[in-house]
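Listed below, chain by chain, are the residues.
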Amino acid sequence: MTESSTAKRQILVTAALPYANGHIHIGHLVEYIQTDIWVRFQKLRGHRCIYICADDTHGTAIMIRARQEGRSEEELIADMQQAHVRDFAGFDIQFDNYGSTNSPESRALCEEIWAKIRAAGLVKEKDVEQLYDPVAQTFLADRFVKGTCPYCGLTNQYGDSCDNGHTYRPTELKDPVSTLSGATPEVRSAKHLFIELEQLHDFLEEWTQSGDHLQPEIANYLKGHFLHEPLRDWDVSRPAPYFGFEIPDFPGNYWYVWYDAPIGYMGSTKQWCDRHGENFDDWWRNPKTEIHHFIGKDITYFHTLFWPGMLKVAGFNLPTKVHIHGFLTVGGEKMSKSKGTFILASTYLKHLDPSYLRYYFATKLGPRLDDLDLEPEEFVTKVNTDLVGKVVNLASRTAKFVESTGLSASYPDDGGLFAYGASLGEEIAEAYEACDYNKAMRLVIELADRANPYVESKAPWVLKKDPSKAAELQDVCTVALNLFRQIAIYLAPVLPRLAQQTGELLNDPIGPGDWYKAYTPLVGTPVNKFQHMMKRAEIGQVLAMIEDSKPADAAAPQTTEKAAKTMSEENQAENTAPEAAQAAGGVEPSPYNDGPEALEKEPLVAEHCTIDDFLKIDMRVARVIAAAHVEGADKLLQLTLSLGGNERRNVFAGIKSVYKPEDLIGQLVICCANLAPRKMRFGVSEGMVLAAGAGGQDIFILRPDSGAKPGMRVH
RNA sequence: GGGGCCGUAGCUCAACGGUUAGAGCAGCAGACUCAUAAUCUGUUGGUUCCGGGUUCGAAUCCCGGCGGCCCUACCA
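Residues numbered from 1 in each chain as written. Chains lettered and ligands numbered in written order. Predicted model: local features only at pLDDT ≥ 70, side-chain atom pairs only at ≥ 80, totals over all residues. Heavy atoms only, no water.

## With respect to the overall build of chain A
Now for step 1: Broken down by element type, chain A carries 23 helices and 26 strands.
Now for step 2: Within chain A, buried positions represent 51% of all 715 residues.
Now for step 3: Of the accessible surface of chain A, which amounts to about 33000 Å², a share of 51% is contributed by carbon and sulfur atoms. (Helix = DSSP H or I, 4+ residues; strand = E, 2+ residues; numbered from the N terminus. Buried < 20%, exposed > 50% of the residue type's maximum accessible area, 1.4 Å probe, protein only. Areas by Shrake-Rupley, 256 points an atom, 1.4 Å probe, with all protein chains shown as cover.)

## Brief notes about a positive patch on the surface
Now for step 1: Side chains of Lys400, Lys464, Lys465 and Lys529 sit close together on the surface and give a patch of like positive charge.
Now for step 2: If you trace the backbone, Lys529 turns up in the loop between helix H18 (496–506) and helix H19 (539–548). (Patch = residues over 30% accessible without salt bridge, like charges linked within 9 Å, V, L, I, M, F, W, Y side chains within 5 Å. Salt bridge = Lys/Arg side-chain N within 4 Å of Asp/Glu carboxyl O. Lys, Arg positive; Asp, Glu negative; His and termini not counted. Charge placed at Lys NZ, Arg CZ, Asp CG, Glu CD.)

## Observations regarding the side chain of Asp133
Now for step 1: Note on placement: Asp133 falls in strand S4 (residues 123–133).
Now for step 2: For the buried Asp133, no salt bridge exists, and the shortest N-O distance to an oppositely charged side chain is 7.0 Å, to Arg67.
Now for step 3: Looking at Asp133, its side chain comes within polar contact range of the main-chain nitrogen of Val135, at 2.8 Å.
Now for step 4: Polar contacts involving the side chain of Asp133 include one to the side chain of Ser178, which spans 2.4 Å. (Polar contact = N/O pair within 3.5 Å; in protein donor to acceptor, adjacent residues only side chain to side chain.)

## Description of the environment of Lys321
Now for step 1: Along the chain, the position of Lys321 falls in strand S14 (residues 321–325).
Now for step 2: Take Lys321: its relative accessible area is 18%, and that puts it in the buried class.
Now for step 3: Between the C-alpha atom of Lys321 and that of Gly211, which follows or precedes it by 110 residues, the distance is 9.3 Å.
Now for step 4: In this view, Lys321 contacts Asp212, His213, Ile291, His292 and His293; residues no more than four positions away in its chain are not counted. (Contact = heavy atoms within 4.5 Å.)

## Brief notes about the pattern of salt bridges
Now for step 1: Under the criterion given, the structure shown has 32 salt bridges.
Now for step 2: A salt bridge links Lys270 to Asp274, with the nearest nitrogen and oxygen atoms 3.1 Å apart. Remark: Asp274 and Lys270 occur in helix H7 (residues 257–276); sequence separation between them is four residues, near one turn of the helix.
Now for step 3: Residue Asp274 is classed as partly exposed on the basis of its relative accessible area of 47%.
Now for step 4: A salt bridge links Lys550 to Glu547; the shortest N-O distance between them is 3.3 Å.
Now for step 5: Taking the relative accessible area as the measure of exposure, Lys550 reaches 31% and is therefore partly exposed.
Now for step 6: Overlapping salt bridges bring together Arg65, Glu69, Arg71 and Asp79 as one network.

## Examining H19
Now for step 1: Those residues of H19 that fall on the buried side of the exposure criterion are Val542, Met545 and Ile546. Relative to the axis of H19, the buried residues are bounded by an arc of 100° and lie together on one face. (Arc of directions from axis to C-beta.)

## A word on the sheet that holds strand S9 (residues 186–195)
Now for step 1: Pairing within the open sheet is antiparallel, and its four strands lie in the order S5-S4-S9-S10. Two strands bound the open sheet, and with one partner strand each, they are strand S5 (138–139) and strand S10 (234–235). (Pairing = 2+ DSSP bridges.)

## Thoughts on the sheet that holds S14
Now for step 1: One open sheet holds the five strands; their spatial order is S3-S2-S1-S13-S14, and the pairing between them is parallel. Edge positions in the sheet fall to strand S3 (97–100) and S14, since each of these pairs with one other strand and no more. Ignoring which end each strand starts from, the neighbouring axes of this sheet average 25° apart.
Now for step 2: Relative to strand S13 (residues 289–296), strand S1 (residues 10–15) runs parallel, the two being bridged by six bridges. (Axes fitted to C-alpha atoms, helices over the stretch in contact; angles between N-to-C directions.)

Right, here's the structure in full:
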């Protein structure tokens, strides 16, 4: 066993805390598997490394759910934690401690850090207006209020946005009703505590932009989105009732869930330390300890600004690195409950081997934060070809020939195959270290691609028939099994079960620190009877899993796909104009002396479109039945178009520079009625009013000749 | 509109600025029968999105287009 030349590192690793309000699904698993692989890799290399996680238990959502289920929050989160732990274990995700943010350890740390933040003068008090339910006696989060959208009048809408995509504050909602009690909420003002993050601006600028703490695109993102201007104050308190920790020096108020969630990393570490007789400060206040957070891109903000800020002020270690990954898509699309691609961890386990998913994710994960796609066909092919066909096959085709003899006493000449595999070890290790699992998997599979031809060329099944070649047979199998073992060690972070089985087969376990066993062949040990290590995956199992994930009431209300956003409304109008002009225009010499200026401004460059293309655009006569200025917008008018009957379209048009609302009301226009709805700053625009001109003062709305009726199609 | 990432074989992806751009899968033609219809050999397939530039040399660096994805938004 050669020892690593690099010094032993001490590494604390966390994955984001799953919320105690829902079950683990395969999207979550990207992160926990990615992190688990990294931790197992570090352990295999002989470093001291602990994997810390916990349930995120606080907040209004938990409180409400507990009330609805008629039990205490503590019962609810205990049950959910049990389910989470079971799901993770099913995927061989091995935490060193799995705690809860609702623990005494967490509370103590929240208080300790809070005192430091107070002492640093970062806390200030401000009034905040919120809706309050006088019956349920609680402030209402956006999702617990329903009412009428102040923009489009749609009823029965949530407090933050309506189904038409208008966004607003809950206090703007008309006829608001609490979903908890049915009472009419009142607007109440309450004092909240804020952390003045701006005081830490220089520190955060320095920390995010230097060193290797963040992926470069994240550092750029933070600079462009937040650090270019003063950082906003962060509201960290919530008035009672709230499920969380009461703020000691602000009675009746609780820390907001995102204040105590990351502290949960520490609380969970503390539990681990107490169980193992370790010193907490050795992990969180020791500059020699590395701290690595693995998170999804959705919570970047909290982990790269608030959290380092809190740690800095409180005098703890700063994160060595925040590793941020993208989201999971299935078959190229967002996970969807109605399509059965919103797959729970527990559902997966009913149908498929967790090793498949661990390996498949590994082949898809790189160091960047691209989304990764689960493609069922590819999933099955990869698992079967790589793992069963190439890797496991090495053992299954040779092990039984040496069951009686064991491995040769000295390692035979293999033409340099094992040495080559050993020489790749550090490169594979670097790929793991950099979270470039995709590359690591490629390198490992290449080894299997070299090993199988070796077996083929030596044909042990032929040697077996000739008793005089028994020694050669043993040598060939010794080589094959050593090449297999080398691969199994390299794959151990991804496939711990395979490593375990390999250890049992060859009577030499693969455990922490054993990476370097891949550099020295194993000889002279007995070989146990070969047992199947991994079954082939069947596409039918995957399809059954997807079917099983569809909602039981599968009349399948099609989830509305988000419209692909491309260009702004204004720009779309510009870009479509030449097409419209071309469709309508002739080429005959004109007696009207029209100049070429318009064409020069917008040349005829659009490609030909087919009649089918043209027919895709459903243009209709429409009547403007309402028109209004949009508050805060200086180019847009909001129009309500009637296509006759009850058919309406809400359209934002960039025509304010030329038209006044009162000029338009009652007028007929032409609109594109099947333009994909597009979410804008002020709401969803559901169509487009056709107009000529390049914009600015050059805007001329198209109007049908008299006699046209709303709803008529334009051909 | 602004910002970011990306564009290489039918698909998934490789390729420190340096041979003739490579693998796997799929396809085609064979071989083998130890192994879970596994494996092996051979083979088809490329204007590296387009156009310029820098360089002895560009898939790679720079500029400009086009296309895709993501973020953000009449606030960068």
